[in-house]
Structures are given as structure tokens and as C-alpha cells.
Amino acid sequence: MALTASPWYQTYLTPNAHALKFALKATFAMLLALYLALWLNLERPYWALISAAFLQIRPMSGMVLEKGLSQVSGTLVGAVAGITLMALFAQAPVPALVALTLWIMLCTYGSALLRNNAAYGCIMGAVTAMLIVVIGSGAPERIFSIAVARLSELALGATCATLVSALLWPSRVSAHLGRQADAVVNQAFTHAAYRLRDSDDHAELESSLTGTLSPLTGLEGDSQAARYEGPEGAGRIRASHVLTRHTLRLLATLHALQQLLHAGSERHGGESMRSAIRQLAQQLANGFTSAAGSSGTADARKRLHALRRRTLLFPEGSLTPLEQRCLLGLREALGHALVMLDARDAITQPSRKFLRGVALAWHRDHLVAGVNALRAGAIFAALATFWLATGWGNGRVAMLLGTLFSAFFASRDNPVAACMTFAKGMLAAIPSAFVFGHVLLAQASGFPMLAMIFLTPLFLGLLGASNPKLMGYCLAFTIGNILLTMPGNGMDFSFDSFINRALAVLVGLGTVVTAFRLLPGPGATLRRKRLVWAIARDLRGLASAPVEDAETQFIGRMADRLLRLSRHDDTLPDDQRHLFTLGLTGLDVGYACLQLRRRLDGLDNADLQRASGAFITALAEGYAASAKGETPRQIRPAGNALIDAARRECSLDARRQALLAGLVERLALSLERQATRTRQVRGQSPEAPPAPPTMP
């Protein structure tokens, strides 16, 4: 049983059709790139192979085209940078390498702040400039031809990958986005059922929430590639933005609803909550469960519309302010869910629905990006110094790997583990490249025999790369075979040449692994504090920024932050996990501030506007205090001042004033409960104020 459960067994002995198609498509793309590169007599055909391999990792046609454009654009920018550096320092190798180190640091910094293929383009800009400067240092007169050759080789690989992706078992981004949207909606509805039943199963709550956020962040990033699949791509992108926005609004509303259900039981005896609101919440939970299991959106929409009518007809006369807030939250949750279903339909068939949506922001940590840049610069400087001191020709390969992997692995949660995984794949490629790329290939004559021998280990590596659990090993195995063989029209099959390349691979990877161990970057504790600090900073900004801009910035960043906090929580013992809830509390507070701004900003009342701004600022400070375990003390006074200002505003009826009072009470209770939870996790006494941590 253990053998059959192994991913190696499943991938290589019982491969599925998807894995075989993936490996065959990528292998055929590399075969076409190799043939054309040899026919065109390009200087380094293996770059066309590497280009085709990287682009086929996600073989949907739109994604291949988008990544190819990013790769070519990054290569072009890197070529211009390399030519400029050589024009300035052609006769001064040390200043040229110093300037190149700064360029590599800049590209690494940019890749840490950008997402998806834009980050990949930055990495290619660093690698291309490095190749031009290092290779051209021995022949300055050939700088321009070297730059053209690198651009031609990478463009050829990108073109071959795009053609194969479009013609051989084509798959489209639109279908991929539809599957992601289904996962988002179903997981969000499942999570809604847990919240509305007031479940205390934290493992199930976190699992369903993570199951919502993971495909949601993937959907937001992947949707950009839809623009390359026809005129309907823009509609799919807008629908993805709408789905992301309303899913996060739903999650914030659900978190608030569960807090309200707790508050109703704890502070008001729970009788009216149990007999009326709780029963309604249970009906909504059952409806969300049924909607999550529906085969299509039509049936789910019908169920949710029926529940929405029930909440709209619910009598409000005798409800307390907290219960009125709970009823309003139930209506808002259903409204967001219905918009999510519309967005899901628009992703599949954008011509039938027109939704307005703008791209969301991402969380960016400039400290982490700066550390990544410094580390990449240190790695390249160490390898460049070694290359200058020894004059070792294959030191260029070590510098290539150091530049590529120092930026490529920096964004990983555990870069040392990622480096070690890749290093193992590269080590496995050494005997494979020796047997297939030197012993057997030396006996081959003609392109068919060359392709049959050389592409065999590449096919095996790509077959393994189809399994996400094995991708790190197998992609490294594939790239290692290409770099150690370096196919071309004038190949060198000597043993010492092979050993030199193998040593260069070991030196490059060894330097990267050592640098990540010696310079691991900001620790987990500091990164957690910076995430919480960033949430508090954005909450403060909600008091003054335009509402639409503030929502785009805040909501978009929170999806990314919640996933990061979830991963940090996974590293803590079960009884100390509170970061995910802390992130949800921040999302809830931010969404409540935005709702408050929407309802009050249109009123021409200066006192009310000042009170609203002071209340939002108090909430931001209260959130920061609760994250330290300190009870927030300014929320209720600021909230009472806001309520008094609202009572003097004649355009606000008694119902709206009651809802505002319920909102103040709910947010105060939520942050007080969060502070209590933080103290419990840290083992702090409720009476003694906690020592304030050093905030970055």
C-alpha cells in the first residue's frame, strides 16, 4: 500500500492521461526548438530548450503566450542593460561586475514585489544582462551579436512553446478559470454553512477558508492571461475581480455574523437569538450547503433568492441593535453570494453578463524584497570574485545558476528547502547527462538519433514534473540534463569538459544553498508582525482615502495576507494558533469601515464626518492593540461620539441609528475577544498589561 501511494509510483508506473499529454507537449516543444536552433546554427541552442521547458510548465495557451511575452520583454530589457554596462565598462571588468551586481539586485527586488509572469520577466532581465556582460568580457567587439543571439534563442523557444500549446491538445485559460471559480464558490458556501451554524470546529473552519483563499488568489493572478485568448478575455478578467471582491466581502460578513451569534448568547441570554435569528441563520446554513452541492449556478441561485426573500420579510420591530445587525449581515451575505454566482457565470460566458470590476492590489513587503536583493547581490559577487580569481571558463555556468536561483527561490516560503529539492534533482541529472548526453550521444549520427537519445531523460523529467509533489525534483532534473549536455552543432564530448560543467553546477547550487542558510532573511516572527502592522496601517488609511480606491487596495491585499497568516499559523502548536483569526478580524473591521464610509460620506454634516473618521482611527488603533494582547479602550468612547453625532443628523432614521449602535457594539466585542485570545496564546495575565513588542 505504501508503494502504490507513493507519488513516484503513481507518476511513472500508473501515469494518467493528463501527465502523458503534458510531458509529450513539452517534449515536442523542445524537439521543435532544438531542430530549428540547429538548423539556424544558433550559438547556444540549449537556451531555446530551456525557454520552451519553462513556458510549458503551465501549458494553457493564454498563459504560455503571456509568459513568453514576459520572457522576451525581460530578455530585451536585460540585453539593453548588458550592452549599456559593457559600453561603459568594456575595458574595466571589476567596475562592470560591480554595476552588474547592482542591476541583478534591482531585478531581484522588482521580482519580489511583482507577481506571476511579471516577476519572471524581472528574473530574465537579470540573467540576460549577466550572460552578456560575462560572455562579452572576453570579446567586447561581439557584445551586440551576443545580445541578439540570446534574444533569438529565447524567442525561438517561446515561439515553439506557444505553437505546440495552441496546436497539440490545446487547453485554454478560460476552462482553468472556470474550475478555479467553481472551487472558490463551493468552498466559500461550505465555509458559510460552518459560520452560520456557529461551529466551534476550528480545523474545519480554517480548512474551508483556506480552500476558498488558495484558488481565489490563483484566480486573480491567472485571469490576466485570459486577455490573450480572444475579445472575451477582458470580460473574464473583470468577472474574476468581482468574484474576488465579493468573496472577501462574504468572508468578512460571515466572520462578523459568527461574532454576533456569540454575542447574542453571551450578553442577552440568547432567547430571542435562538428562537428567531438563530433559526434563520440555520436555514441559511442549510441553503448554502445545498448551493455548494448544486450541479450548476441556476439551482443555487434559486435557493439563495428564496432565502433572501425570507430575510427581507423578517419582522424587525422587537429586535435589539445587535440582532438588527445580525439580520442585516444575513442579508448582506446572501447578496454577496448571489453576485458571486453572477461572476461565476460571467467567467464562463462573459458575453451574457457585463460586470464592472477593477484589479485588486497585492501585499508587498519592501523589507523582504530588499533582503532578497542583498542576498542575490552577495551570491553573484561571491561567484564573480571566484571567477575572476581563477579564470575558470565554466564559472559562467555557476554564475548563471546563482543569478537564476537566488531570485527564483527568494519568494518561496522555505527557500532553503526549495534549494535542496532542486539540488537533489540536479545531482540526479549528473549520471543521466553523462550516460545519455555523452556516452550514448557521442555514438549518434543525424538529428533523429540525437533527438531519440537526448530527449529520453527530458521526457522522463517532464513526466514527473506533471505531479506538483515532484515538480521541484523533476524540473531540476530536466534543466540539469540540458545544461550538462549543452546540445549544439559543435558539441564537446570530452570527459573533462563534462566534469567541469558538473562542478560548475555544484558550485553554483552550493553557493545559493549556503547563502540562503547564512542569510535566511526576516524570521517568521518578524514577518508575522509586519503582516499585522500592514493590516493596521491600511485600516488607518481607510479614514481618509477615497472609498473605492481604499477598497481596491485593502480588500486585494487582505486575500494575500490571510493566506500568509494561515501558513504562519500552520507552524504553531494547535493551542497557539490565532494569526488566521487575527487576519479575519482585520478583514472584518476594514469591511465594516468601508460600509460605514459608504453610508455616511454622502451626508453634508461636518461633525458626523469628523466623528466617523475618529471612530475608524480608533478601530485601527484598537486592532493594533488587540494584536498585542491589549484591550482596546478607545473604541466605545469614539463609537458613542459617532452615535451622538448620528442622532443629531435628521436624515438618519431610528433604524439606521440602531444599526449604527449595533455596529459599534459588535466591533468593540470582536476586538476585545481578539485581545483576550492573544493574551491566552501568549500566556499573559489579563490584569497585567503586555509588554509591547518592537514593531518594524
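Residues numbered from 1 in each chain as written. Predicted model: local features only at pLDDT ≥ 70, side-chain atom pairs only at ≥ 80, totals over all residues. Heavy atoms only, no water.

Draft legend 1. Focus on the overall build of the protein. In terms of regular secondary structure, the protein is built from 26 helices and zero strands. For 696 residues, the compact-globule estimate of 2.2 N^0.38 gives 26 Å, and the C-alpha radius of gyration of the protein, at 29 Å, lies within 12% of that figure. With the C-alpha coordinates of the protein rotated into their principal frame, the extents come out at 90 × 50 × 50 Å. When each of the 696 residues of the protein is scored for burial, the buried share is 57%. (Helix = DSSP H or I, 4+ residues; strand = E, 2+ residues; numbered from the N terminus. Rg over C-alpha atoms; globule rule 2.2 N^0.38 Å. Buried < 20%, exposed > 50% of the residue type's maximum accessible area, 1.4 Å probe, protein only.)

Draft legend 2. Examining the nonpolar core more closely. If you look at the biggest cluster of nonpolar residues, it comprises 110 residues, and the most contacted ones within it are Phe 189, Leu 213, Leu 243, Leu 304, Leu 587 and Phe 615. Examining the composition of this core, we find that 13 residues originate from one element, helix 14 (residues 321-348), more than from any other. Ignoring anything within four residues of it in the chain, the contact list for Phe 615 reads Leu 596, Ile 635, Ala 638, Gly 639, Leu 642, Val 664 and Leu 667. If you look at the next biggest cluster of nonpolar residues, it comprises 104 residues, including Ala 33, Leu 97, Leu 455 and Ala 476. (Core = buried A, V, L, I, M, F, W, Y, C linked by side-chain atoms within 4.5 Å. Contact = heavy atoms within 4.5 Å.)

Draft legend 3. Region of interest: a nonpolar patch on the surface. A grouping of Leu 427, Phe 434, Val 435, Val 439, Leu 440, Phe 495, Ile 499, Leu 503 and Leu 506 is seen on the molecular surface, where their side chains present a nonpolar patch of about 730 Å² in accessible area. Elements supplying a minimum of two residues to the nonpolar patch: helix 17 (415-440) and helix 20 (495-518). When you line up the elements, Leu 440 lands in helix 17. (Patch = residues over 30% accessible without salt bridge, like charges linked within 9 Å, V, L, I, M, F, W, Y side chains within 5 Å. Areas by Shrake-Rupley, 256 points an atom, 1.4 Å probe, with all protein chains shown as cover. Salt bridge = Lys/Arg side-chain N within 4 Å of Asp/Glu carboxyl O.)

Draft legend 4. Spatial organisation of the pattern of salt bridges. Under the criterion given, the structure shown has 20 salt bridges. The shortest N-O distance in the salt bridge between Arg 530 and Asp 365 comes to 3.0 Å. Taken together, the positions of Arg 530 in helix 21 (residues 524-541) and Asp 365 in the loop between helix 14 and helix 15 (366-390) put the pair 165 residues apart, joining distant regions of the chain. Take Arg 530: its relative accessible area is 14%, and that puts it in the buried class. One salt bridge connects Arg 666 with Asp 588, and the closest N-O pair in it is separated by 2.8 Å. Of this pair, Arg 666 sits in helix 26 (residues 654-682) while Asp 588 is found in helix 23 (residues 579-600), placing the two residues 78 residues apart along the sequence. For the pair shown, Arg 666 and Asp 588 are each scored as buried. Look at the salt bridges and you will find they share partners, linking Glu 43, Arg 44, Arg 150 and Glu 153 into a network.

Draft legend 5. Broad picture of helix 7 (residues 116-136). Over its 21 residues, helix 7 extends 31 Å from the first C-alpha to the last, a length consistent with the 30 Å expected when each residue adds 1.5 Å. Among the 21 residues of helix 7, 19 are classified as buried, and the element is accordingly described as predominantly covered. (Expected span 1.5 Å × (residues − 1).)

Draft legend 6. Quick peek at unusual backbone geometry. One non-glycine residue, Asn 41, lies in positive phi territory at about 60°. In this structure, Trp 169 is a non-glycine residue whose phi angle is positive, near 45°. Summarising the element assignment, Trp 169 is placed in the loop between helix 8 (143-167) and helix 9 (173-196). Classification of Trp 169 as partly exposed rests on a relative accessible area of 38%.

Draft legend 7. Spatial organisation of helix 4 (residues 46-55). Most of helix 4 is tucked away, with 10 of its 10 residues classed as buried. Within helix 4, burial applies to Tyr 46, Trp 47, Ala 48, Leu 49, Ile 50, Ser 51, Ala 52, Ala 53, Phe 54 and Leu 55.

Draft legend 8. Structural detail: the packing of aromatic side chains. Evaluation of the coordinates by the stated rule reveals 14 aromatic pairs. Across the ring face of Tyr 120, the terminal group of Lys 67 is positioned such that the distance to the ring centre comes to 4.7 Å. (Phe/Tyr/Trp six-rings, centres within 6.5 Å; stacked < 30°, edge-to-face > 60°. Lys NZ or Arg CZ within 6 Å of the ring centre and 35° of its normal.)

Draft legend 9. Molecular detail of the environment of Leu 565. Summarising the element assignment, Leu 565 is placed in helix 22 (residues 547-570). Residue classification places Leu 565 among the buried positions, given a relative accessible area of 0%. The spatial distance from the C-alpha of Leu 565 to the C-alpha of Ala 451 is 47 Å, given a sequence separation of 114 residues. Apart from the residues within four sequence positions on either side, Leu 565 is in contact with Leu 531, Ile 535, Leu 579, Phe 580 and Gly 583.

Draft legend 10. Empty space enclosed by the protein, seen in detail. Considering all chains together, one arrives at two cavities of 30 Å³ or more under this definition. Looking at the largest cavity, its volume works out to about 120 Å³. If you list the elements that add at least two residues to the lining of the largest cavity, you get helix 4, helix 7, helix 16 (395-408) and helix 19 (471-485). Of all the elements, helix 4 adds the most residues to the lining of the largest cavity, at four residues. Split by residue class, the lining of the largest cavity holds 12 nonpolar, two polar and no charged. (1 Å grid on protein atoms, 1.4 Å probe; cavity = no way out; pocket = protein on both sides within 12 Å on 5 of 7 lines; lining within 4 Å. Points joined across faces, edges and corners; volume = space filled by probe spheres on them. Nonpolar A, V, L, I, M, F, W, Y, C, P; charged D, E, K, R; others polar.)

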